[in-house]
Amino acid sequence: MVLAAADLGSNSFRLQVCAADGDSLIVLASLKETVRLAAGLDSQTMLDEASQQRALASLSRFAEALREYVPDAVHAVATNTLRVAKNAPAFLERARAVLGYPIEVISGHEEARLIYSGVAHRMPAAGPRLVVDIGGGSTELIVGTGMKPTETASLQLGCVGYSLKYFGDGELNEANFSAAEKAARNEMKRACEALKEHHFDTAIGSSGTSRALAAMIKAGGGNEIITRKGLADLRQALLQARRIDRLKLKGLRPDRAAVIAGGHAIMTSVFAEFGLEEMFVTRAALREGVLYDLLDRYGGS
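The notes below deal with the structure included here. If you're wondering where the values come from, they're calculated on a predicted model, not measured in any experiment. Per chain, the residues get numbers from 1 upward, laid out in the order the sequence is written. For this predicted model, a pLDDT threshold of at least 70 governs which residues receive local features, and a threshold of 80 or more governs which side-chain atom pairs are given and counted, while totals over whole chains, interfaces and linings are taken from all residues. Hydrogens are left out, water is left out, and the side-chain values use all remaining heavy atoms of the structure.

**Concerning the layout of surface pockets**
Part 1: Here a cavity denotes grid points, spaced 1 Å and computed from the protein atoms alone, that fit a 1.4 Å probe unable to get out, and a pocket denotes an open set having protein on both sides within 12 Å along at least 5 of 7 lines; residues with an atom within 4 Å of a point are the lining. Grid points are joined across faces, edges and corners, and a volume is the space filled by probe spheres set on the points. Roughly 390 Å³ of internal volume is contained in the largest pocket.
Part 2: Helix and strand assignments follow DSSP, with helices taken as H or I runs no shorter than four residues and strands as E runs no shorter than two, numbered in order from the N terminus. Elements represented by at least two residues in the lining of the largest pocket include exactly helix 2 (80-84) and helix 5 (159-167).
Part 3: Per element, the largest residue contribution to the lining of the largest pocket is five residues, and it comes from helix 5.
Part 4: Amino acids outside the nonpolar list (Ala, Val, Leu, Ile, Met, Phe, Trp, Tyr, Cys, Pro) and the charged list (Asp, Glu, Lys, Arg) are all regarded as polar, and Gly is one of them. Within the lining of the largest pocket, the residues separate by chemical class into eight nonpolar, eight polar and two charged.

Written as structure tokens, this is what we have:
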């Protein structure tokens, strides 16, 4: 059986096609497109035509891959930007026509559940853990044990939105970082009280922001995990660059440079709010959770 998951995120669109082998998934194809959908939201939370066109072009390429692999089941999900955009219904009609499959706009808590499922399948562990997923438009935090999430939170802060709001002038200075970190801490204090009541042994970061920060810390001489010291060193390096268009840090991909400051501010605030010293990183994310849900629904044979 061939299964496919499409994740229409606020920063990137991703498609993963897998063959089911019992309870395992074998990747046949994996596509990523940097769409920056959240950057197309105007002051009235309407999605502009340019961002819609970028999205539709990406979905057209996904459709080509799906026609090639002819999956037995496909689940396409959309996240925060299409939760909040007032013209999302009209865009989704266009998107479905291009992709060839329905697109489900999932809630923040459903997104958190699926993220946790993807991480838990890829990184089995008996003890409780905190999973942190900083996306383009929202951040999901989950405490869970084994395969089961215990408490979830979905916060309206993401690397694209925060980079536009607090670093939109292109400047990397103390005032911009402090404002972004303060705003993120205030949001977390309101939204994460229930999460902080639960004990966890480890913290795991999923999705692009976590991997980008870990890669930069490793390139700077550390291990490929996120640490409090590593984040502090990165902050200084970002401040020394002074402007986003001058960023040339080791380990930082060009397509991530425009949104790394917002992502860094949010991650720094997560570390402060939860008292973290280190965070492991995984490649598992929402799309894996969607795939394992399909596997549970349709079986591996």
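Following the structure, the description resumes.
**Considering the packing of aromatic side chains**
Part 1: Within 6.5 Å between ring centres, the rings of Phe, Tyr and Trp (the latter by its six-membered ring) count as paired, and their orientation is classed by plane angle as stacked under 30 degrees, edge-to-face over 60, tilted in between. Going through the model one piece at a time under the given rule, you end up with three aromatic pairs.
Part 2: Here the aromatic rings of Phe167 and Phe177 are separated by 4.9 Å at their centres, their planes lie at 65°, and the arrangement is edge-to-face. With Phe167 in helix 5 and Phe177 in helix 6 (residues 174-191), this residue pair connects regions lying 10 residues apart in the sequence. Of the two residues, Phe167 and Phe177, neither departs from the other in class, the shared state being buried. Buried means the residue's accessible area, taken with a 1.4 Å probe over protein chains only, is under 20% of the maximum for its type, while exposed means over 50%, and partly exposed covers the values in between.

**Focus on the sheet that holds strand 3 (residues 24-34)**
Part 1: Any two strands with at least two DSSP bridges between them are considered paired. Taken in spatial order, the five strands of this open sheet run 3-2-1-4-5, and their pairing is mixed. Strands at the two margins of the open sheet, each flanked by one partner only, are strand 3 and strand 5 (103-105). Mean inter-strand twist for the sheet, computed between neighbouring axes without regard to direction, equals 20°.
Part 2: Sheet topology places strand 1 (residues 2-8) next to strand 2 (residues 12-21); seven bridges connect them, and they run antiparallel. A fitted line through C-alpha atoms represents every axis, and for helices the fit uses only the stretch in contact; the resulting angles, taken between N-to-C directions, go from 0 to 180 degrees.

**A short note on the sheet that holds strand 11 (residues 278-281)**
Part 1: Strand order in the open sheet formed by six strands is 8-7-6-9-11-10, and the pairing between neighbours is mixed. The outermost strands of the open sheet, each flanked by one partner alone, are strand 8 (148-155) and strand 10 (226-227).
Part 2: With five bridges joining them, strand 6 (residues 128-134) and strand 9 (residues 202-206) adopt parallel strand pairing. Within strand 9, the residue paired with Leu130 across the bridge is Ala203.
Part 3: Strands strand 6, strand 7 (139-145), strand 8 and strand 9 of the sheet are contacted by helix 4 (residues 108-122), whose axis makes an angle of about 55° with strand 7. Contact criterion: two residues are considered in contact whenever any of their non-hydrogen atoms come within 4.5 Å of each other.

**Digging into the pairing of strand 6**
Part 1: Within strand 6, seven of the seven residues are buried, leaving the element largely enclosed by the surrounding structure.
Part 2: The two faces of strand 6 match: Pro128, Leu130, Val132 and Ile134 on one face and Arg129, Val131 and Asp133 on the other face are all buried.
Part 3: With seven bridges joining them, strand 6 and strand 7 adopt antiparallel strand pairing. Each residue of the ladder has a partner; that of Ile134, found in strand 7, is Thr139.
Part 4: In this antiparallel pair of consecutive strands, strand 6 and strand 7, the connection spans four residues.

**A closer look at empty space enclosed by the protein**
Part 1: Inspection of the entire model under this criterion finds one cavity of 30 Å³ or more.
Part 2: Lining the largest cavity are 24 residues, and of these Asp7, Asp133, Gly135, Gly136 and Ser207 sit closest to its centre.
Part 3: Looking at the lining of the largest cavity, the elements that each hand over two or more residues are strand 2, helix 4, strand 6, helix 8 (207-219) and helix 11 (286-298).
Part 4: Among the elements that make up the lining of the largest cavity, the one with the highest residue count is helix 8 (three residues).
Part 5: Broken down by class, the residue content of the lining of the largest cavity amounts to four nonpolar, 12 polar and eight charged.

**Structural notes on helix 9 (residues 228-241)**
Along an α-helix, residues three or four apart share an orientation, since each turn contains 3.6 residues.
Part 1: For a helix, the expected span equals 1.5 Å multiplied by the number of residues minus one. Helix length check: helix 9 (14 residues) gives 20 Å between terminal C-alpha atoms against 20 Å at 1.5 Å per residue, within 8%.
Part 2: Those residues of helix 9 not exposed but buried are Gly230, Leu231, Leu234, Arg235, Leu238, Leu239 and Ala241.
Part 3: Considering only its buried residues, helix 9 is in contact with helix 6, helix 8, strand 10 and helix 10 (260-274).
Part 4: Once helix 9 finishes, Arg242 follows within two positions and takes phi at roughly 75°, a positive value.

**Observations concerning the packing of helix 5 against helix 10**
Part 1: Axis separation between helix 5 and helix 10 bottoms out at 7 Å; the angle between their running directions is 105°. Considering their axes alone, helix 5 and helix 10 lie roughly perpendicular with respect to each other. Of the residues in helix 10, those touching helix 5 at Cys159, Tyr162, Ser163 and Phe167 are Ile260, Ala261, Gly262, Gly263 and Ile266.
Part 2: For the contact of helix 5 with helix 10, the class distribution of residues is six nonpolar, three polar and no charged. Any angle that falls under 35 degrees is termed roughly parallel, while one over 145 is termed roughly antiparallel, one within 65 to 115 roughly perpendicular, and all others oblique.

Keep in mind these values describe shape, not function.
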